[in-house]
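# Residue-level structure breakdown
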Amino acid sequence: LVLAGSLIAGGGIAAAQSSVPPSGSAGSSDWTSTSYLTDKDGRSLILRGFNTASSAKSAPDGMPAFTEADLDREHAAMGTNFVRFLISWRSVEPEPGKYDQAYLDRVEQRVGWYAERGYKVMLDMHQDVYSGAIMADDTAGTGAGPIGNGAPAWATFTDGLPVEKQDQWELYYIQPGVMRAFDNFWNTTGKHPELVEHYVNAWRAVAERFAANETVVAYDLMNEPWGGSLQFGAFEAGPLTDLYQRSTNAIRTVDQDSWVCVAPQAVGVNQGIPSALGKITDPRAGEQRIAYCPHLYPLPLDLGDGYSGVSKTLTDATMQTWLASIEQVATDVLGGAPVILGEFGLDTTLPGAQEYLDRVYTAAREMGAGVSYWSSDPGTWGPYLADGTPTILVNTMNKAYPRAVAGTPLSWSSSVDRLELTYRTDPAVTAPTEIYLPAAGFPGDVAVQGADVVGWDQDSRLLTVRSAADAAEVTVTVTPAA
Ligand SMILES: CN(C)c1ccc(C(=O)NC[C@H]2N[C@H](CO)[C@@H](O)[C@@H]2O)cc1
């Protein structure tokens, strides 16, 4: 908090405040993305799911402690259709230039679990504090150490600078050895131009494996980037944009169709400061498939008051600047990119937690963004405690929503027993529109206005509808049958 606060104070909060839109309801935004990730049938995807999972960060095999039974529980309880699945550079490339196909087999097996249940997967090349090798007690030099995660040990150059134990994990980021590891990775030191090249080629190896796998729809190029000695514009518009462009180019040599997701630097931008990320150009033929995948972590929420009192007021102010920042990057910098909120979350036992969750999901719905909540790991942040007790997250997420739309969604809303969706049709899309309806509000047959019912599967909870062929814009309303 101290670090993020000081960086924000020095990093342009004034700039953020100057970009605050006219006052409206807390953090409201009238901007809606008009571009979406699409499935193989061309349907616009509205993605709802989790990050799975933090437990993968230091696991020797690189896999999350998340079983197929856990996925069945999530799917049955919440009707999710998306996962931001954590992978790691240390696991992909355990030795320079050698890619671990057995690890990619394990990832592909998990992707198969999601495929069998109709999910889409975004692979997240995760890092926190650079690598598990930032401290001497790294586990057998694999990079699966106790503090950081991400880069392999062979790509971790602290140059012998100290990394002292910290009570708060975030403060490891400014330890001299960690700052140097990042400065070497970004070649700010001028001593390691090879590291970014290895990272880019590791992405090519991953994309080569999943290029033909229609369940993997996106690659999230780097989790919560940190520039070391470089911050904000010097970092984001410089080496970060360069890494994203080089990774995109490398991925496109083997995979023409998956989306490439880019994220801003974490500190400051997670808290609503405008990002200085540069343009990334997709060399593929046809539409650009670059998506924007920011995170949201308002500082005041961590102050202990939760979403209440002054903390709520400050959080709402953060939401306003954050929404303005997302719109600016997605629209002006990335040319109308689809948005996925790659991470947001909080301790669900905090005061006001339900209102905050509802507030963020409303903002995501209004802006047409996908959402992967942080995270599915057991505990008070997640959907279940370690003993399996559900938190408020389960009911919060188990809501009616359109999952795949045969055109461009223009607006949608849902309550316990009603869903309304308006979309611009696309005659080229012949697959039906797919809608998830929880049993609580839709226990039996349903009544549909504005479209014809193609199917209603009460086991999977999926309703499929098709609009009249000549309709340019359609409003579909679903309620329980009388
Ligand atoms: C100082 N730096 C660079 C920093 C500080 C704090 C976070 C953070 O809390 N991030 C929010 C969540 N995201 C990660 C996983 O991506 C989780 O471990 C954090 O709770 C990030 C970076």
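Everything numeric in this text was worked out from a predicted model, so none of it was measured.

Note on placement: D39 falls in the loop between helix 2 (13-18) and strand 1 (44-45). Reaching out from D39, the side chain makes a polar contact with the backbone nitrogen of D41 at a distance of 2.9 Å. Setting aside residues up to four positions removed in sequence, D39 forms contacts with L45, K120 and A404.

This part takes up the environment of R461. Structurally, R461 can be placed in the loop between strand 17 (452-457) and strand 18 (462-466). Separated by 25 residues in the primary sequence, R461 and Y436 have C-alpha atoms spaced 5.7 Å apart. Contacts of R461, omitting those with residues within four sequence positions, involve I435, Y436, L437, P438, A439, F442 and W456. A polar contact of 2.8 Å, which involves the side chain of R461, links it to the backbone oxygen of L437.

So, about the packing of aromatic side chains. Going through the model one piece at a time under the given rule, you end up with 20 aromatic pairs. Ring geometry for Y130 and F182: centres 5.1 Å apart, planes at 70°, overall edge-to-face. Taken together, the positions of Y130 in the loop between strand 4 (120-125) and helix 6 (176-185) and F182 in helix 6 put the pair 52 residues apart, joining distant regions of the chain. Residues Y401 and Y436 carry aromatic rings whose centres are separated by 5.8 Å and whose planes lie at 50° to one another, so their mutual orientation is tilted. Remark: Y436 occurs in strand 15 (residues 433-436) and Y401 occurs in strand 12 (residues 401-405); sequence separation between them is 35 residues. On the accessibility criterion, Y401 (3% relative accessible area) is buried.

Once that is clear, we can look at the side chain of R403. Tracing the backbone shows R403 in strand 12. Owing to a relative accessible area of 4%, R403 belongs among the buried residues under this scheme. Here G118 takes part through its backbone oxygen, which lies 3.4 Å from a polar atom of the side chain of R403. The contacts of R403, once residues within four sequence positions are left out, are S44, L45, I46, G79, T80, N81, G118, E434, I435, Y436 and L462.

By definition, the strands of a sheet pair up through backbone hydrogen bonds, in either a parallel or an antiparallel sense. If you walk across this open sheet you meet the eight strands as 7-6-5-4-3-2-11-9, and the pairing is parallel. Taken across any chain shown, the strands that pair with only one partner, and hence form the sheet edges, are strand 7 (290-292) and strand 9 (340-341). Summarising the sheet, strand 9 and strand 11 (residues 370-373) pair through two bridges and their orientation is parallel. Across the sheet, the residue bridging to L341 is V371, located in strand 11.

Across the sheet, which stays open at both edges, the five strands sit in the order 1-12-15-18-17 with antiparallel pairing between neighbours. Each end of this open sheet is capped by a strand with a single partner; those strands are strand 1 and strand 17. Direction of pairing for strand 1 relative to strand 12: antiparallel, over a ladder of two bridges. Paired with L45 across the strands is A404, a residue of strand 12.

The next point concerns the environment of A447. With respect to the secondary-structure elements, A447 resides in strand 16 (residues 446-449). For the pair formed by A447 and A237, sequence separation is 210 residues and the distance between their alpha carbons is 51 Å. If near-sequence neighbours (up to four positions away) are discounted, A447 is found in contact with T477, V478, T479, P480 and A481.

Counted under the stated rule, the structure contains 22 salt bridges. Close ionic contact of D72 with R117 constitutes a salt bridge, the shortest N to O distance being 2.6 Å. Here the residue D72 occupies a position in helix 3 (residues 68-78), and R117 occupies one in the loop between helix 5 (101-116) and strand 4, the gap between them amounting to 45 residues. The partner of R180 in a salt bridge is D159, and the shortest N-O contact between them spans 2.9 Å. One end of the pair, R180, is in helix 6; the other, D159, is in the loop between strand 4 and helix 6, with 21 residues separating them in the sequence. Look at R180 and you get partly exposed, because its relative accessible area is 27%. What emerges from the salt-bridge pattern is a single network uniting E68, D72, E116 and R117.

Right, let's talk about helix 10 (residues 353-367) for a bit. Here helix 10 is 15 residues long and its end C-alpha atoms lie 21 Å apart, about the 21 Å a rise of 1.5 Å per residue gives. Where helix 10 is concerned, the buried positions are A353, Y356, L357, R359, V360, Y361, A363, A364 and M367.

Looking at the chain, the pLDDT average stands at 93 and 93% of residues meet or exceed 70. With pLDDT under 50 throughout, residues 8-26 is counted as low confidence; its partners more than four residues away or in other chains account for 25 contacts. The complex model carries a pTM of 0.95, and its ipTM stands at 0.98.

Relative orientation of the contacting elements helix 7 (residues 194-210) and helix 8 (residues 232-252) amounts to 35°, with a least axis distance of 8 Å. The chirality of how helix 7 crosses helix 8 is right-handed. Residue-level contacts link V196, E197, Y199, V200, W203, R204 and A207 of helix 7 to L243, R246, S247, A250 and I251 of helix 8. Classifying every residue of the contact of helix 7 with helix 8 by side-chain character gives eight nonpolar, one polar and three charged.

Reading guide: rules and limits
Position labels on residues start from 1 in each chain and follow its written sequence. Per-residue local features of the predicted model are confined to residues with pLDDT of at least 70, and side-chain atom pairs are confined, for both listing and counting, to 80 or more; whole-chain, interface and lining totals are unaffected and use all residues. To obtain the side-chain values, all non-hydrogen atoms of the structure were included, while hydrogens and water were left out. Put simply, DSSP marks the helices as runs of H or I at least four residues long and the strands as runs of E at least two long, and each gets a number from the N terminus on. Polar contact is the term for a pair of N or O atoms within 3.5 Å; when the atoms are in protein, one must be able to donate a hydrogen and the other to accept it, and sequence-neighboring residues count only if both atoms are side-chain atoms. Note on definitions: a residue-residue contact is assigned when non-hydrogen atoms from the two residues lie within 4.5 Å. Each Phe, Tyr or Trp ring (for Trp, its six-membered ring) is paired with any other whose centre lies within 6.5 Å, and the angle between the two planes then decides the class: stacked below 30 degrees, edge-to-face above 60, tilted in between. Relative accessibility under 20% of the residue-type maximum defines a buried residue, over 50% an exposed one, and the middle range a partly exposed one, all with a 1.4 Å probe and only protein chains included. Criterion used throughout: strands pair if DSSP finds at least two bridges between them. Any carboxyl oxygen of Asp or Glu within 4 Å of a side-chain nitrogen of Lys or Arg constitutes a salt bridge here. The length a helix should cover is 1.5 Å for every residue beyond the first. On a range of 0 to 100, pLDDT expresses the predictor's confidence in each residue. Interaxial angle, 0 to 180 degrees, is taken between N-to-C directions of lines fitted to C-alpha atoms, where a helix line uses only the stretch in contact. Two helices cross in a left-handed way if the nearer one is turned anticlockwise from the farther one by less than a right angle. They cross in a right-handed way if the turn is clockwise. Think of it as three bins: nonpolar holds Ala, Val, Leu, Ile, Met, Phe, Trp, Tyr, Cys and Pro, charged holds Asp, Glu, Lys and Arg, and polar takes everything else, Gly as well.

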